[in-house]
Amino acid sequence: MAKSFLRLLGLALALFIHSALADDLQDIRARGVLRHLGIPYANFVTGSGDGLDVEIVQRFARHLGVRYEFVESTWPTVLGDLTGKEYSFKPSIRETGSRPVRGDIVATGLTILPARKQIIDYSDPTFPSAVWLLARADSGITPITPSGNLERDIKATKAVMKRGATFVADNSCLDPTLYGLEGKGLKLKRFVLGAGNVNEVVPAMLKNESDMTLLDVPDVLLAMERWSGRVIVVGPISGEQRMAAGFRKDSPKLREAFNSFLAGIKKDGTYMKLVRKYFRGAPRYMPEFFVDIPGRD
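Residues numbered from 1 in each chain as written. Predicted model: local features only at pLDDT ≥ 70, side-chain atom pairs only at ≥ 80, totals over all residues. Heavy atoms only, no water.

Remarks on the overall build of the protein chain
Just so we agree on the cut-off: Strands are runs of DSSP state E lasting at least 2 residues, helices are runs of H or I lasting at least 4, and numbering of each runs from the N terminus. To sort residues, take the accessible area from a 1.4 Å probe on protein chains only and compare it with the maximum for the residue type: under 20% means buried, over 50% means exposed, and anything in between is partly exposed. Only heavy atoms matter for contacts: two residues are in contact if any of them lie within 4.5 Å across the pair. What sets the accessible areas is the Shrake-Rupley method with a 1.4 Å probe; for residues, cover comes only from the shown protein chains.
Looking only at helices and strands, the protein chain features eleven helices and 14 strands. Counting across all 297 residues of the protein chain, residues that qualify as buried make up 50%. Partitioning the contacts of the protein chain with sequence separation of at least 6, the portion at a separation of at least 24 is 73%. Carbon and sulfur atoms form 53% of the exposed surface of the protein chain, whose accessible area is close to 14,400 Å².

Structural data, given as structure tokens:
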């Protein structure tokens, strides 16, 4: 009798867990709103009601038949706003408390990083990236001469960093620990991503608060347009990276629905129209990502 009861209890728990996991998309449809967590950053979320990720998630909400709602967040809190948990990242990731869940999806030029994968699940890639070294044009620093070998170019770029101070940002794609920059005698200046954000790094550099900054490629492309003649690209710090939307680990159906939707807008040309609208230089600088996506020409 006891064994039979335990088997029934186990079956009931399994069915409950399966149902809970499968209800994430159903709950959003029942609620009638999809909450998009975003941070004003580059042209992914402009802060003016549009941006590449904003338009993608708006279309996804319409695809689901629900209302779109934007919820502004910050880099230090966005994962907690999604998961309802507080985290500490140094020296290793650990949960430190709880907070209200404020959104259902993070889409804000979010780079796929190993630490973040322990906390959230990512969609299929939404955009390519990499981290480059940017410098003030008046700093006396000159770009490396490309060798045709990425590893050699990264080594040469890191050597240039010895010539001045460089902005970095912990717990982000600009974290120096990701690229082996700590303990090398480099002058690293921590740029705090709090009330401010990555959009403010280049203006701070141009105010002579640093000579150089790590920066991801989408923001580099915009910086080259916005501050033409005042900034230069020194060289690469990383290989190619990927950006994606983030989901709670107990929202697999929502993530699956988004991946299916993303594949659809890539196939019908909508995605490339949005890319050309917000990052027209991306296919030229990162062609490998876009090579098989219709409408790239």
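As for the packing of helix α2 (residues 52-64) against helix α9 (residues 270-278)
Two measures define how a pair of helices packs: the angle their axes make with one another and the distance between the axes. As a reminder, the rule being used: Axis definition: a line fit to C-alpha positions, over the contact stretch in the case of helices; interaxial angles, taken between N-to-C directions, run 0 to 180 degrees. In this scheme, roughly parallel covers angles under 35 degrees and roughly antiparallel covers those over 145, while 65 to 115 is roughly perpendicular and the rest are oblique. The crossing is said to be left-handed when, going from far helix to near helix, the turn is anticlockwise and less than a right angle, and right-handed when the turn is clockwise. Residue type decides the class: Asp, Glu, Lys and Arg count as charged, Ala, Val, Leu, Ile, Met, Phe, Trp, Tyr, Cys and Pro as nonpolar, and the leftover types, Gly among them, as polar.
Across the interface, α2 lies against α9 with an axial gap of 9 Å and an inter-helix angle of 155 degrees. Considered as vectors, α2 and α9 are oriented roughly antiparallel to each other. Crossing angle aside, the handedness with which α2 passes α9 is right-handed. Residues L52, E55, I56 and R59 of α2 lie in contact with α9, whose contacting residues are T270, Y271, L274, V275, K277 and Y278. Of the residues in the contact of α2 with α9, the class split is six nonpolar, one polar and three charged.

Describing α2
To keep things clear, this is the line we draw: In this scheme, a helix's expected span is set at 1.5 Å multiplied by one less than its residue total.
End to end, α2 covers 19 Å across 13 residues, agreeing with the expected 18 Å (1.5 Å per residue, within 8%). L52, D53, V54, E55, I56, V57, F60, A61 and L64 are the residues of α2 that are buried. Trailing α2 by a residue or two, G65 shows a phi angle of about 80 degrees, which is positive.

Here's the deal with the sheet that holds strand β10 (residues 187-190)
The condition that has to hold: Any two strands between which DSSP finds at least two bridges are classified as paired.
The strand order across the open sheet built from five strands is β10-β9-β11-β8-β12, with neighbouring strands paired in mixed fashion. Strands with a single pairing partner mark the edges of an open sheet, and in this sheet they are β10 and β12 (231-236). In this sheet, adjacent strand axes meet at a mean angle of 35 degrees when their direction is disregarded. Two elements, strand β9 (residues 165-168) and β10, share four bridges in a ladder whose sense is parallel.

Comments concerning helix α7 (residues 217-226)
Among the ten residues that make up α7, seven are buried, leaving the element largely enclosed by the rest of the structure. The set of residues buried in α7 consists of V217, P218, D219, V220, L221, L222 and A223.

So, the side chain of T108
If you trace the backbone, T108 turns up in the loop between β5 (105-106) and α4 (114-117). Beyond its immediate chain neighbours, meaning those up to four positions away, T108 contacts G38, I39, Y41, F44, V45, D53 and W75.

Comments concerning the packing of α2 against helix α8 (residues 252-267)
Contact geometry of α2 with α8 gives a least axis separation of 10 Å together with a crossing angle of 110 degrees. With respect to their mutual orientation, α2 and α8 come out roughly perpendicular. Crossing hand, α2 versus α8: right-handed. The residues of α8 that touch α2, namely those facing I56, R59, F60, H63 and L64, are L254, A257, F258, F261 and I265. Grouping the amino acids of the contact of α2 with α8 by side-chain chemistry returns eight nonpolar, one polar and one charged.

Observations regarding the pattern of salt bridges
Convention followed: Whenever Lys or Arg places a side-chain nitrogen within 4 Å of a carboxyl oxygen from Asp or Glu, that contact is recorded as a salt bridge.
Evaluated as defined, the whole model comprises 19 salt bridges. Between D211 and R136 there is a salt bridge, with the nearest N and O atoms lying 3.5 Å from each other. Residue D211 is found in the loop between α6 (201-209) and β11 (212-216), and its partner R136 is found in strand β8 (residues 131-136); the two are separated by 75 residues along the sequence. Judged by relative accessible area, which is 8%, R136 ranks as buried. The partner of R242 in a salt bridge is E240, and the shortest N-O contact between them spans 2.2 Å. Relative accessible area serves as the criterion here: at 28%, R242 is assigned to the partly exposed category. Within this structure, R31, R35, D104, R248 and D250 form a network of salt bridges that share partners.

Focus on the packing of aromatic side chains
To keep it simple, the criterion reads: For this analysis, a ring pair means two rings from Phe, Tyr or Trp (six-membered ring only for Trp) whose centres lie within 6.5 Å, classed as stacked if their planes differ by under 30 degrees, edge-to-face if by over 60, and tilted for the remaining angles. Sitting over a ring, as applied to charges here, requires NZ of Lys or CZ of Arg to be within 6 Å of the ring centre and within 35 degrees of the ring normal.
Scanning the model with the defined rule gives 13 aromatic pairs in all. When the centroid spacing of 6.4 Å and the interplanar angle of 65 degrees are considered together, the rings of W132 and Y285 count as edge-to-face. With W132 in strand β8 and Y285 in helix α10 (residues 282-285), this pair connects stretches of sequence that are 153 residues apart. Residue W132 is classed as buried on the basis of its relative accessible area of 16%. A centroid spacing of 5.1 Å and a plane angle of 80 degrees characterise the contact between F289 and F290, whose relative ring orientation is edge-to-face. Classification of F290 as buried rests on a relative accessible area of 1%. Taken together, Y41, F44, W75, F127, F279, F289 and F290 form an aromatic cluster joined through their ring pairs. Its end group placed over the ring of Y271, K266 keeps NZ or CZ at 5.4 Å from the ring centre.

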